[in-house]
Amino acid sequence: MSYEKDRYKKPKPNLEAGALGKLPPQAMDLEEAVLGAILLEKDALMMISDILHPEMFYKDAHQIIFRVVQNLSMTAEAIDILTVMEKLRKDGNLEKVGGAYYLTLLTDRVVSSANIEFHARIISQKYIQRELIKVSNETILNCYDDTEDVFDTISLYESKRDELLNNIITRKEVGQEEAFNLMIAEMSRQAELGELDVTGVDSGFKDLNAATGGWQKTDLIILAARPAMGKTALMLKKAVNAARSGKPVAIFSLEMAKEQLQQRILSFETGIPLSRIKTPSKLHDHDWELIHRKGPEISGLPIAWDDTPGLTLVELNAKAKRMKRLHGIEMIFVDYLQLITIPGERRFDEISKISRGLKILAKELQIPVLALSQLSRAVESRPGNSKRPQLSDLRESGSIEQDADIVMFLYRPEYYGITEDEEGRSTVGLAENIIAKNRNGATDIILLQFHGPTTNFTNDHEIAEPMITDFSFVQGTITLPSNDMSKYANWENPQLDDTPF
């Protein structure tokens, strides 16, 4: 009985490239109709110029003809059968496309350009199908190759697929009425928020929100500082603040493992020194009590992590788009820009393309992207106490400044041994979030408070809750101390904690 059933089972096809013996998807008659319409009517090209590219035509001769038509259009020359024929003859391509006789046949294929846009979209779809088959066949062959890493194969497939979509999908222009109505709708949405300072993603710092309105859609934000200044810690704090406000975020950490970053989050969220968290045997009973109490809140934050080292720009784009699709992320954090790579590029060109690529990603996904960046050593070579970074200190490329909507610097006077400001006030624990460029607002210096043992940043003159120095157990509960900073000034010397941040 089972043999009888098996007789009627459809055999599995051989999926190796070319084994199916089928012609690739194509629409030759529509290609001829589109080219014929372009040769007949001068406005036909404008109707499909944002839909078709030369490589989308299946027949090589059609690619050559369409490329000639595009070139004539760019030089504002007339487009008809005679001008195209002459251009093909000058380029030595007339015989390659079938001669004057073939061009005449193309014009006989169509009466008007009435349906040219519909025909162009079908040609585009056939091209997408051919490219997907090509990418899929390459993926299948890589799967048969034992020397290929399976995760590299998956990453390569996703990046090529997304690259294909980016080349195909274009955003059509909108008229003034639609653009104006979209702006009014966004204003109405913001007005419904009332008197809140935040119209974008909440940074968690009230003065920073007042200066920026929160992180805005499509913005590329650069946070730059010298090594060990605390930029990773500040980025983490802003990411957690955004997640706590209900906005799912993605963190790409190219430098540190996600487990190390989780330890930092646990430290500044609980107030337990990072040095103790890194050595669990030193944790006290009340530390564990606090970890178990805060754990569900921390673990429930809507954060997606990726700590793949040596990430390329194409891979980061593909991963970010997948996170947007699967998790609905509303902001991206990257640590840090100079560790992203573009194979085969010179370093200067690489940084320029990376900063531009991150800006394009922010616009495409309609979410803000915050990326960390290194500063040059020029900051430290300045004489005296003038150590505040400047836009010219951005490392390796001025394109970072050009592409970014907001450029911020992190500056802590203590880092350079400066213990007093110009007016004699103490700079212990003081941090400055300097907004050096703000395309849609004013520049400003936001004062923050830095706590070394937990690598925590809080609003100026506010201490993180809870900064725990002593515990009183009353009927199994923990009584936390007050928020008076002077009480904890000497709790633990920040200079003794040599953890890089």
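Look a little higher up for the structure.
A brief report on the enclosed structure follows. (Residues numbered from 1 in each chain as written. Predicted model: local features only at pLDDT ≥ 70, side-chain atom pairs only at ≥ 80, totals over all residues. Heavy atoms only, no water.)

## Considering the pairing of strand E4 (residues 331-335)
Here is step 1 of the chain: Burial analysis of E4 places 5 of its 5 residues in the buried class, which makes it a mostly covered element.
Here is step 2 of the chain: Here E4 shows a buried face lined by Met331, Phe333 and Asp335 and a second buried face lined by Ile332 and Val334.
Here is step 3 of the chain: Sheet topology places E4 next to strand E5 (residues 369-374); 3 bridges connect them, and they run parallel. For Phe333, the partnering residue across the bridge sits in E5 and is Leu370. (Buried < 20%, exposed > 50% of the residue type's maximum accessible area, 1.4 Å probe, protein only. Helix = DSSP H or I, 4+ residues; strand = E, 2+ residues; numbered from the N terminus. Pairing = 2+ DSSP bridges.)

## Section: the environment of Ile251
Here is step 1 of the chain: Along the polypeptide, Ile251 turns up in strand E2 (residues 249-253).
Here is step 2 of the chain: For Ile251, a relative accessible area of 0% puts it in the buried group.
Here is step 3 of the chain: Filtering out sequence-adjacent residues up to four positions away, Ile251 remains in contact with Met235, Leu236, Ala239, Ile303, Ala304, Trp305, Asp306 and Phe333. (Contact = heavy atoms within 4.5 Å.)

## Quick notes on a negative patch on the surface
Here is step 1 of the chain: Taken together, Asp145, Asp146, Glu148, Asp149 and Asp152 make up a surface patch of like negative charges.
Here is step 2 of the chain: Considering the arrangement of structural elements, one finds Asp146 in the loop between helix H7 (116-144) and helix H8 (150-168).
Here is step 3 of the chain: Residue class for Asp146 comes out exposed when judged on its relative accessible area of 76%. (Patch = residues over 30% accessible without salt bridge, like charges linked within 9 Å, V, L, I, M, F, W, Y side chains within 5 Å. Areas by Shrake-Rupley, 256 points an atom, 1.4 Å probe, with all protein chains shown as cover. Salt bridge = Lys/Arg side-chain N within 4 Å of Asp/Glu carboxyl O. Lys, Arg positive; Asp, Glu negative; His and termini not counted. Charge placed at Lys NZ, Arg CZ, Asp CG, Glu CD.)

## Here's the deal with helix H11 (residues 231-244)
Within an α-helix, residues lying three or four positions from one another point in the same direction, as the helix has 3.6 residues per turn.
Here is step 1 of the chain: For H11, which comprises 14 residues, the first-to-last C-alpha distance of 20 Å matches the rise-based estimate of 20 Å (1.5 Å per residue) to within 8%.
Here is step 2 of the chain: The element H11 is largely enclosed, with a buried count of 13 among its 14 residues.
Here is step 3 of the chain: Looking one or two places after H11, you find Gly246, whose phi comes out positive at around 100°. (Expected span 1.5 Å × (residues − 1).)

## Quick word on the pairing of strand E7 (residues 430-438)
Here is step 1 of the chain: Within E7, 8 of the 9 residues are buried, which leaves it mostly tucked inside the rest of the structure.
Here is step 2 of the chain: Note: strand E6 (residues 406-411) against E7, 6 bridges, orientation antiparallel. Directly across from Val407, in E7, lies its bridge partner Lys437.
Here is step 3 of the chain: With 6 bridges joining them, E7 and strand E8 (residues 444-451) adopt antiparallel strand pairing. Across the sheet, the residue bridging to Leu430 is Gln449, located in E8.
Here is step 4 of the chain: Between the antiparallel neighbours E7 and E8 lie 5 residues.

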